[in-house]
Amino acid sequence: MHLDHTHTGPAAVSADSARPDGTRRALRIGLGGPVGSGKTATVAALCRALRDRIAIAVVTNDIYTREDAAFLLRNAVLPPERIQAVETGACPHTAIRDDISANLEAVEDLEDSVGPLDLILVESGGDNLTATFSKGLVDAQVFVIDVAGGDDIPRKGGPGVTTADLLVVNKTDLAPYVGSDLGRMARDAAAQRGDLPVVFTSLTGADGVAPVADWVRERLADWTA
Amino acid sequence: MTTRAALLVLADGRFPAGGHAHSGGAEPAVKAGRIRDARDLEEFCLGRLHTTGLTSAALAAAAAQGLDPLALDEAADARTPSPALRNAARRLGRQLMRAARATWPSPELAALAEARPRGAHQPVVLGLTARSAGLEPADAAHCVVYETVSGPATAVVRLLSLDPFEASAVLARLAPALDRVAGQAAEAARHGIDALPAASAPLLDISAEAHAAWPVRLFAS
Ligand SMILES: Nc1nc2c(ncn2[C@@H]2O[C@H](COP(=O)(O)OP(=O)(O)O)[C@@H](O)[C@H]2O)c(=O)[nH]1
Ligand SMILES: [Mg+2]
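This one's a predicted model, so the numbers in the text were calculated from it and none came from an experiment. (Residues numbered from 1 in each chain as written. Chains lettered and ligands numbered in written order. Predicted model: local features only at pLDDT ≥ 70, side-chain atom pairs only at ≥ 80, totals over all residues. Heavy atoms only, no water.)

Participant: Quick question: what am I supposed to make of the overall build of chain A here?
Facilitator: Regarding its fold elements, chain A presents nine helices and seven strands. In terms of C-alpha radius of gyration, chain A reaches 17 Å, essentially the compact-globule figure of 17 Å for 225 residues. For chain A, the spread of C-alpha atoms along the principal axes amounts to about 60 × 40 × 40 Å. For chain A, the residues scored as buried account for 53% of the 225 residues in total. Considering only residue pairs separated by 6 or more positions, chain A has 77% of its internal contacts joining residues 24 or more positions apart. (Helix = DSSP H or I, 4+ residues; strand = E, 2+ residues; numbered from the N terminus. Rg over C-alpha atoms; globule rule 2.2 N^0.38 Å. Buried < 20%, exposed > 50% of the residue type's maximum accessible area, 1.4 Å probe, protein only. Contact = heavy atoms within 4.5 Å.)

In structure tokens:
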């Protein structure tokens, strides 16, 4: 029998909160939600809002390109060595939930190469309403939907809307043009989520990401407490 | 035999070791028009089985048997001329190592992880994983030959929207050949590192190099 648990190499268990050298690892926050809801825009805005005080890196999970990573690079929200793209084999939800090994590798490589880091944002490839992150990969998850995808999405629920640690309803600036009722979205979300928080954002406005950035700062304060 | 279920756990496509993001060369073969239907898939798999499959299965059997994993890792490098495929094999080896140490921890796995923190070749890690799970060299070889063909089959279902029943039928038709190649691999491993097969597939090597440079692709390899 091989029951020896004294690992000397890298941590085998993904949820370990310490790195192999005993220091605290970065807080990992996942951002999921349908394609086009504003995940990459939220990641970019968070980096701009937080990067002066917090050491951040980003992992993207594109479905078939490196488009998200390329967008972040082009907009220079972080130095290139702090952005890693994971390839998902046409199955973005598998890479964040059922088989998280490539994402864990990316997260650890970032900590090894540019660490110590305070925060790693993991953006999912964009999927349907059922895609959530494994607890073995992230410590907290944000689900980003938008008002243009239909104001009945909070009512429809699904694991992302119902269980994410933060629900972001983005693109509120578009609500008048697509006939979305923000009050109804807020009521439906509250009914689905109980006490879990919901914020409304418009990333076109100045500091539009502030409610999400504030929530991230609270999570970081809890993590380092 | 009390280890059969452990073999199923290890061979299950849902075992979280990163394989889902790799097509085993099927993506470039589809793009080049070499795989268009189930019959092409079967031929592709057969070719892969008798080349890469045999070589990898023998490496895994040798590791499961207890031959030096670092020497086997070098033997795997020598048998993998394409840098893109070496890179993929080491990445997959590192990912499998994580899953293996969480499922069947052993001092031998820990030692290999420490000696090759960036990953040893996947078949070597697989063989050592099988050993840690109490499996036989022939089990490790079976596991490798099966993933040699099941990886491309799954990928082709996604790439061509091939009927999944047809893809499974292809795998079933290949089963006798899989058994034979696994047997050859396990037998070769009994004769030591220098006797391990070195069958290669130049077209897979060349297309892997081209694929690694594509700007847009669904699979990592
Ligand atoms: N009007 C408006 N457009 C937005 C907002 N947030 C993002 N977008 C746009 O929506 C599109 C998709 O955003 P992106 O972040 O790439 O979505 P992702 O697929 O979820 O990563 C882009 O063209 C963004 O510029 C917003 O708050 N308001
Ligand atoms: Mg995106």
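Participant: What should I look at first to understand the overall build of chain B in this one?
Facilitator: Looking only at helices and strands, chain B features 10 helices and zero strands. If you list the helices and strands of chain B from N to C, you get α-α-α-α-α-α-α-α-α-α. Against the compact-globule benchmark of 17 Å for 221 residues, chain B has a radius of gyration of 16 Å, which places it among compact chains. By its C-alpha atoms, chain B is 45 × 35 × 30 Å across when sized along the principal axes. Here chain B holds 221 residues, and the buried ones make up 56% of them. Nonlocal contacts in chain B, meaning residues at least 24 apart in sequence, comprise 81% of its contacts between residues at least 6 apart. Element-wise, carbon and sulfur atoms account for 57% of the exposed surface of chain B, whose accessible area totals about 9400 Å². (Areas by Shrake-Rupley, 256 points an atom, 1.4 Å probe, with all protein chains shown as cover.)

Participant: Looking at this model, I keep getting lost on the site of ligand 1. Mind explaining?
Facilitator: All names here are of chain A. Around ligand 1 lies a shell of 16 residues, among which Gly36, Lys39, Ala41, Asp173 and Leu203 are the nearest. Between ligand 1 and the protein, one listed contact pairs an oxygen atom with a backbone N or O atom of Gly36 at 2.7 Å. Between ligand 1 and Asp173 there is a distance of 2.7 Å, counted from a nitrogen atom to a side-chain nitrogen or oxygen. No other element matches the three residues that helix 1 (residues 39-50) contributes to the shell around ligand 1. Looking at side-chain class alone, the shell around ligand 1 contains five nonpolar, seven polar and four charged residues. (Near = heavy atom within 4 Å. Polar contact = N/O pair within 3.5 Å; in protein donor to acceptor, adjacent residues only side chain to side chain. Nonpolar A, V, L, I, M, F, W, Y, C, P; charged D, E, K, R; others polar.)

Participant: What's the story with the packing of helix 8 (residues 137-160) of chain B against helix 9 (residues 164-189) of chain B in this structure? I'm lost.
Facilitator: Each packed pair of helices is defined by two parameters, the angle between the axes and the distance between the axes. All names here are of chain B. Running from N to C, helix 8 and helix 9 cross one another at 155 degrees; their axes reach a closest spacing of 9 Å. The angle between helix 8 and helix 9 falls in the class roughly antiparallel. The way helix 8 lies across helix 9 gives a crossing that is right-handed. Here Ala138, Ala141, His142, Val145, Tyr146, Val149, Ser150, Ala153 and Val157 of helix 8 come into contact with helix 9, specifically with Pro164, Ala167, Leu171, Leu174, Leu178, Asp179, Val181, Ala182, Ala185 and Ala186. Residues of the contact of helix 8 with helix 9, tallied by class, amount to 16 nonpolar, two polar and one charged. (Axes fitted to C-alpha atoms, helices over the stretch in contact; angles between N-to-C directions. Parallel < 35°, antiparallel > 145°, perpendicular 65-115°, else oblique. Left-handed = near helix turned anticlockwise from the far one by under 90°.)

Participant: How should I be thinking about the coordination of the magnesium ion (ligand 2) in this particular structure?
Facilitator: Reference geometry at the metal: tetrahedral coordination by four donors gives ideal angles of 109.5 degrees; octahedral coordination by six donors gives 90 or 180 degrees. All names here are of chain A. Of the protein atoms, only Thr40 (OG1), Asp68 (OD), Asp68 (OD) and Glu123 (OE) coordinate the magnesium ion (ligand 2), at distances of 2.1 to 2.7 Å. If you list the donors of the magnesium ion (ligand 2) from N- to C-terminus, the spacing comes out as T-x27-D-x54-E. In this pair, Thr40 sits in helix 1 while Glu123 sits in strand 4 (residues 119-123), placing the two residues 83 residues apart along the sequence. (Donors = N, O, S within 2.8 Å, 3.2 Å for Na, K, Ca; no water.)

Participant: How do you make sense of the interface of chain B and chain A when you look at a structure like this?
Facilitator: Buried accessible area, meaning the area lost when the parts come together, often serves as the stated size of an interface. Listed by partner, the interface residues are 27 residues for chain B and 29 residues for chain A. Together chain B and chain A conceal approximately 2500 Å² of surface at their shared face, both sides included; 49% is due to carbon and sulfur atoms. On the chain B side of the interface with chain A, the three residues burying the most area are His20, Arg98 and Arg101 of chain B, jointly 27% of the side's total. Two residues, Arg91 of chain B and Glu105 of chain A, come together in a salt bridge whose shortest N-O distance is 3.5 Å. (Buried area = accessible area lost by both parts, 1.4 Å probe. Salt bridge = Lys/Arg side-chain N within 4 Å of Asp/Glu carboxyl O.)

Participant: Whenever I open this one, the sheet that holds strand 7 (residues 198-200) of chain A confuses me. Can you help?
Facilitator: The pairing of strands in a sheet happens through backbone hydrogen bonds and is either parallel or antiparallel. Residue and element names in this part refer to chain A. The strand order across the open sheet formed by seven strands is 3-2-4-1-5-6-7, and the pairing between neighbours is parallel. Of all the strands in the sheet, the pair left with one neighbour each is strand 3 (83-87) and strand 7. Looking at each pair of strands side by side, their axes are set apart by 20 degrees on average, direction ignored. Those strands touched by helix 2 (residues 67-74) are strand 2 (56-62), strand 3 and strand 4, and its axis lies near 145 degrees from that of strand 2. (Pairing = 2+ DSSP bridges.)

Participant: Quick question: what am I supposed to make of the pairing of strand 1 (residues 27-32) of chain A here?
Facilitator: Successive residues of a regular strand alternate their side chains across the two faces of the sheet. All names here are of chain A. Burial analysis of strand 1 places six of its six residues in the buried class, which makes it a mostly covered element. With burial as the criterion, each face of strand 1 is covered, one bearing Leu27, Ile29 and Leu31 and the other bearing Arg28, Gly30 and Gly32. Pairing between strand 1 and strand 4: five bridges, direction parallel. Among the inter-strand pairings, Gly30 is bridged to a residue of strand 4, identified as Val122.

Participant: What should I look at first to understand the side chain of Ser23 of chain B in this one?
Facilitator: With respect to the secondary-structure elements, Ser23 of chain B resides in the loop between helix 1 (4-11) and helix 2 (26-31). Polar side-chain contacts of Ser23 of chain B include one of 2.9 Å to the backbone nitrogen of Glu27 of chain B.

Any link to function would need more than the numbers given here.
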